[in-house]
Amino acid sequence: MTKHLDRDMDHLHRDILSLSAVVEEMIGNAGRALQDGRTDLAEKVIHDDEEVDQQEVAIEEECLKMLALHHPVAIDLRRIATVIKVNNDLERIADLAVSVAQRALGVKDYPRFVIPEGVGPMVTKVSGMVREALDAFVNMDTDIARSVILRDDEVDALNTDLINRLRLTMQQDAQFVAAALHCFSAIRHLERIADLATNIAEDAIYLVDGEIVRHCSVTKKIAK
């Protein structure tokens, strides 16, 4: 039984890594579509969402099958439970990347509108958080997980600054209201992706330590 469980766990590990790679690419493409007006990248993100949906369902079914067949305990049970949660978060991140891409297409209709400079750094930070949260989960590294949790405040600060800038733009020039609203929504979606990356980091801590830190203060989440 242990041999079969190990085999299935390896297969599950490969599947979640494959899904992670697709989702990370979607975030990057959505960000570039927003910053550079790349319609082709926006459309690719929207198209790739179907693949993510299919992989998410397949991984969940595999997890449920493993729970039924192997009756795992201790760390194996925690790993499968964590995969189910991370799998769901990755699908939600992909949906948000699609929303960013759709907003990028909306902004493209207003060529005179200038994307605020802070959007690029925000995309970089958010992409890095997702990548490192997944690294923390895969490598069972709580130090990386805690680093991701700390960086969520940086994204929140960027989100606030960008929203204030966009509000000022709308107040100063009514012709940019529609474009600014598209950009506003895209930024909020990016901020939500950072929140989900934080969730994955918290799940990595649960996987290693068996401690649920989701509702704890940041100070307690990062305490060793």
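Residues numbered from 1 in each chain as written. Predicted model: local features only at pLDDT ≥ 70, side-chain atom pairs only at ≥ 80, totals over all residues. Heavy atoms only, no water.

Participant: I tried to follow the overall build of the protein on my own but got confused; where do I start?
Facilitator: In terms of helices and strands, the protein carries seven helices and zero strands. If you list the helices and strands of the protein from N to C, you get α-α-α-α-α-α-α. In terms of overall size, the protein behaves like a compact globule, its C-alpha atoms giving a radius of gyration of 19 Å where 224 residues would be expected to give roughly 17 Å. In terms of principal-axis extent, the alpha carbons of the protein reach across some 65 × 40 × 20 Å. Restricting to contacts in the protein with at least 6 residues of sequence separation, those with at least 24 account for 81%. Only carbon and sulfur atoms are counted for the fraction: they give 52% of the accessible area of the protein, which is about 10800 Å². (Helix = DSSP H or I, 4+ residues; strand = E, 2+ residues; numbered from the N terminus. Rg over C-alpha atoms; globule rule 2.2 N^0.38 Å. Contact = heavy atoms within 4.5 Å. Areas by Shrake-Rupley, 256 points an atom, 1.4 Å probe, with all protein chains shown as cover.)

Participant: Sorry, what's going on with the packing of aromatic side chains here?
Facilitator: Geometrically, a pair of aromatic rings is defined through the distance of the ring centres and the angle of the planes. Applying the stated rule across the entire model yields one aromatic pair. Ring centres of Phe 113 and Phe 176 lie 6.0 Å apart, and the angle between their planes is 65°; on these two criteria the pair is classed as edge-to-face. Highlighted residues: Phe 113 in the loop between helix 3 (74-108) and helix 4 (119-139) and Phe 176 in the loop between helix 5 (142-172) and helix 6 (177-209), separated in sequence by 63 residues. Sitting over the ring of Tyr 206, Lys 85 keeps its end group 5.7 Å from the ring centre. (Phe/Tyr/Trp six-rings, centres within 6.5 Å; stacked < 30°, edge-to-face > 60°. Lys NZ or Arg CZ within 6 Å of the ring centre and 35° of its normal.)

Participant: I would appreciate a short explanation of the environment of His 4 in the present structure.
Facilitator: Here His 4 shows up in helix 1 (residues 2-36). What makes His 4 partly exposed here is its relative accessible area of 40%. For the pair formed by His 4 and Asp 203, sequence separation is 199 residues and the distance between their alpha carbons is 25 Å. (Buried < 20%, exposed > 50% of the residue type's maximum accessible area, 1.4 Å probe, protein only.)

Participant: Looking at this structure, how should I read the pattern of salt bridges?
Facilitator: Once their charged atoms are close, side chains differing in charge can pair, the charge on each being opposite to the other. Here the structure, examined in full by the defined rule, presents twelve salt bridges. If you follow the salt bridges from partner to partner, you end up with Glu 25, Lys 44 and Asp 48 in one network. (Salt bridge = Lys/Arg side-chain N within 4 Å of Asp/Glu carboxyl O.)

Participant: Just to check I follow, could you spell out the nonpolar core for this structure?
Facilitator: Most often, soluble globular proteins keep nonpolar side chains buried together rather than apart. Counting 72 residues, the largest nonpolar core has Phe 113 and Phe 137 as the members making the most contacts within it. Those elements that provide at least two residues to this core are helix 1, helix 2 (39-70), helix 3, helix 4, helix 5 and helix 6. Take this core: its biggest share by element is 16 residues, from helix 6. What Phe 113 contacts, discounting residues up to four positions off in sequence, is Val 107, Leu 166, Thr 169, Phe 176, Ala 179, Ala 180 and Cys 183. (Core = buried A, V, L, I, M, F, W, Y, C linked by side-chain atoms within 4.5 Å.)

Participant: Got a minute to help me understand the environment of Leu 105 in this structure?
Facilitator: Assignment of secondary structure puts Leu 105 in helix 3. Separated by 64 residues in sequence, Leu 105 and Leu 41 place their C-alpha atoms 9.9 Å apart. Beyond its immediate sequence surroundings of up to four residues, Leu 105 is in contact with Thr 39, Ala 42 and Ile 46.

Participant: Explain helix 2 here, please?
Facilitator: In an α-helix, one full turn covers 3.6 residues, which means residues spaced three or four apart are oriented alike. Given a rise of 1.5 Å per residue, 32 residues ought to cover 46 Å, and the 47 Å separating the end C-alpha atoms of helix 2 matches this to within 8%. Positive backbone phi, at 45°, marks His 71, one or two positions downstream of helix 2. (Expected span 1.5 Å × (residues − 1).)

Participant: Hey, could you run me through the packing of helix 1 against helix 2 in this one?
Facilitator: Between two packed helices, the angle of one axis relative to the other and the distance separating the axes together describe the packing. Relative to each other, helix 1 and helix 2 sit at 160°, their axes nearing to 9 Å. Taken together, the axes of helix 1 and helix 2 lie roughly antiparallel to each other. Helix 1 and helix 2 meet at a crossing whose hand is left-handed. Residue composition of the contact of helix 1 with helix 2, by class: 17 nonpolar, six polar and nine charged. (Axes fitted to C-alpha atoms, helices over the stretch in contact; angles between N-to-C directions. Parallel < 35°, antiparallel > 145°, perpendicular 65-115°, else oblique. Left-handed = near helix turned anticlockwise from the far one by under 90°. Nonpolar A, V, L, I, M, F, W, Y, C, P; charged D, E, K, R; others polar.)

Participant: Any chance you could explain the environment of Ile 59 here in plain terms?
Facilitator: In this fold, Ile 59 is placed in helix 2. For the pair Ile 59 and Asn 87, spaced 28 residues apart in sequence, the C-alpha separation works out to 7.3 Å. Apart from residues no more than four positions distant in its own chain, Ile 59 is found in contact with Leu 12, Asp 15, Ile 16, Leu 19, Val 83 and Asn 87.

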